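Architecture at a glance
Listed below, chain by chain, are the residues.
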Amino acid sequence: MVSAKTTVINPMGLHLRPAQVFIKAIAPFASEVDITANGRTVNAKSIMNLMAACIKQGTEIEIQCSGPDEQEALDAALRAIASGLGE
């Protein structure tokens, strides 16, 4: 398992559109991807889980990836967050 912490920078946090951008970035990877925020860990490949986590701008999150391509998945997830998720 690999993990990294980062901060959500896009103005509206992980609402529907940015959550879709994030999932699209990590979907090609076989690894499991989880996000821990506000004391709660959710499956990051699930749109419903991401939205239910109520991750707002400025929230520090930890992305954890586990599987055969875990480092590549983590890199893609971090790039997506750093890009502002299309906003």
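Our subject is the structure that appears above.
No experiment lies behind these values; they were computed from the predicted model shown.

Pairing is antiparallel in the open sheet, where four strands are placed in the order β1-β4-β2-β3. Of all the strands in the sheet, the pair left with one neighbour each is β1 (2-7) and β3 (40-43). Here the strands of the sheet are splayed against their neighbours by 25° on average, with no regard to which way each runs.

The complete set of buried residues in helix α1 (residues 16-26) reads Pro18, Ala19, Phe22, Ile23 and Ile26. The buried residues of α1 occupy one face: seen down the axis, they fall within an arc of 135°. In this structure, α1 carries Arg17 and Lys24 as exposed residues pointing more than 90 degrees from its buried face. Buried residues along α1 sit in contact with β2 (32-37), α2 (47-52) and α3 (70-82).

Turning to unusual backbone geometry, a few remarks are in order. Even without a glycine there, the phi angle at Asn38 is positive, about 55°. Along the chain, the position of Asn38 falls in the loop between β2 and β3. A relative accessible area of 58% places Asn38 in the exposed class. We note that Cys54 has phi near 50°; this positive angle belongs to a residue other than glycine. By the element assignment, Cys54 lies in the loop between α2 and β4 (60-66).

Of the strand pairs in this sheet, β2 and β3 are connected by four bridges, and their pairing is antiparallel. In the strand pairing of β3, Thr36 is matched with Thr41. Between β2 and the antiparallel strand that follows it, β3, lie two residues; Asn38 among them carries a positive phi value of about 55°.

So, how was this worked out
- Residues numbered from 1 in each chain as written.
- Predicted model: local features only at pLDDT ≥ 70, side-chain atom pairs only at ≥ 80, totals over all residues.
- Heavy atoms only, no water.
- Pairing = 2+ DSSP bridges.
- Helix = DSSP H or I, 4+ residues; strand = E, 2+ residues; numbered from the N terminus.
- Axes fitted to C-alpha atoms, helices over the stretch in contact; angles between N-to-C directions.
- Buried < 20%, exposed > 50% of the residue type's maximum accessible area, 1.4 Å probe, protein only.
- Arc of directions from axis to C-beta.
- Contact = heavy atoms within 4.5 Å.

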